[in-house]
Amino acid sequence: METDLHELLRSLRVWSPEVTELRPFDPTTAPPTPLPLFTTWFAEAVAAGQTEPHTMSLATSDESGLPDVRTVMLHGADPDGWSFATHATSTKGRQLATRPYAALGFYWPTLGRQVRVRGPVTAAPAEEGAADLHARSTGALAAALTGHQSEILPSYADLEAASRAAWDRARREPGAPVPTWTLYRVRADEVEFFQGDGERRHVRLRYRREGGGAWARELLWP
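Residues numbered from 1 in each chain as written. Predicted model: local features only at pLDDT ≥ 70, side-chain atom pairs only at ≥ 80, totals over all residues. Heavy atoms only, no water.

Asker: Tell me about the overall build of the protein chain, and please be specific about residues and values.
Answerer: The helix and strand inventory of the protein chain stands at 6 helices and 10 strands. Taken along its principal axes, the extent of the C-alpha atoms in the protein chain is 60 × 55 × 40 Å. Taken over 222 residues, the protein chain has a buried fraction of 35%. The contacts of the protein chain with a sequence gap of at least 6 include a subset with a gap of at least 24, amounting to 64%. (Helix = DSSP H or I, 4+ residues; strand = E, 2+ residues; numbered from the N terminus. Buried < 20%, exposed > 50% of the residue type's maximum accessible area, 1.4 Å probe, protein only. Contact = heavy atoms within 4.5 Å.)

Asker: Describe the pairing of strand β6 (residues 113–123), naming the residues involved and giving the relevant values.
Answerer: One ladder, built from 8 bridges, connects strand β5 (residues 101–108) with β6; its direction is antiparallel. In the strand pairing of β6, Gly105 is matched with Arg116. Connecting the antiparallel pair β5 and β6 is a turn made up of 4 residues, with Gly112 showing a positive phi of about 65°. Sheet analysis places β6 next to strand β8 (residues 190–195), joined by 6 bridges and oriented antiparallel. Paired with Arg113 across the strands is Gln195, a residue of β8. As paired strands, β6 and strand β7 (residues 181–186) are joined by 3 bridges and run antiparallel to one another. The partner of Ala123 across the bridge, within β7, is Tyr184. (Pairing = 2+ DSSP bridges.)

Asker: Lay out the packing of aromatic side chains in plain terms, naming residues and giving numbers.
Answerer: On inspection of all chains with the given rule, the structure shows 12 aromatic pairs. With a centroid separation of 6.0 Å and 45° between ring planes, the pair formed by Phe38 and Trp108 is classed as tilted. Residue Phe38 is found in helix α2 (residues 34–47), and its partner Trp108 is found in strand β5; the two are separated by 70 residues along the sequence. An identical accessibility class is assigned to Phe38 and Trp108; each is buried. Each ring, one from Trp41 and one from Phe193, has its centre 5.3 Å from the other, and the planes form 85°; the classification is edge-to-face. Residue Trp41 is located in helix α2, and its partner Phe193 is located in strand β8; the two are separated by 152 residues in the primary sequence. Exposure remark for Trp41: the relative accessible area of 2% places this residue in the buried category. Looking at Phe193, the relative accessible area reads 0%, which means it is buried. The rings of Phe25, Trp41, Phe193, Tyr207 and Trp215 are connected pair by pair, giving a single aromatic cluster. (Phe/Tyr/Trp six-rings, centres within 6.5 Å; stacked < 30°, edge-to-face > 60°.)

Asker: An account of the environment of Thr55 is needed here, citing residue identities and associated values.
Answerer: You can see Thr55 is positioned in strand β1 (residues 55–61). Residue Thr55 is classed as partly exposed on the basis of its relative accessible area of 25%. Sequence separation of Thr55 and Tyr107 is 52 residues, and the distance between their C-alpha atoms is 8.6 Å. Beyond its immediate stretch of four places on either side in the chain, Thr55 contacts Thr71, Val72, Met73 and Phe106.

Structure, rendered in structure tokens:
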């Protein structure tokens, strides 16, 4: 029986009380800068059992200005920015080399929350990228060593062979260098916190960086 997509979509609901806790959020109590609030919300998402809370959408644009988006993993967030890593030779790496600006999107449905981050992107020094990679799992190193990200794959057998060789090297040489592996940081110009509300009176608090690096806070209509 063929699935009717529209009927399926109409049957779905968001923020079911069985799986979602919509907590009150008073924006007047928010800290003057966004990082402490992000850290608190992230920790609360973990404590609430949110699946893979460290995954995020990463939006970039190509040389023509056309948008692109994919899901990646957050590697850290500190006063220097929100960080992620990839090969400089990948599609997103090439896009960032041409247009070094990106947007991030976090969605934590367990609490009905979203966080959006936008800002310029810089590459961390190579030694920081290497340290970040080698602090991760053997599998992460093997994937990085496999290389060729975003290139045309002639056959799945080619991937299997390259992956096996990469896993063997990662186990033998846990400090193996991966020259193209790069740690990127988004230095936020804007950070928006969205708290869902059962009566659709959602709270949207945006932090916007002003001249001199100070942060302005403003509410947005949902």
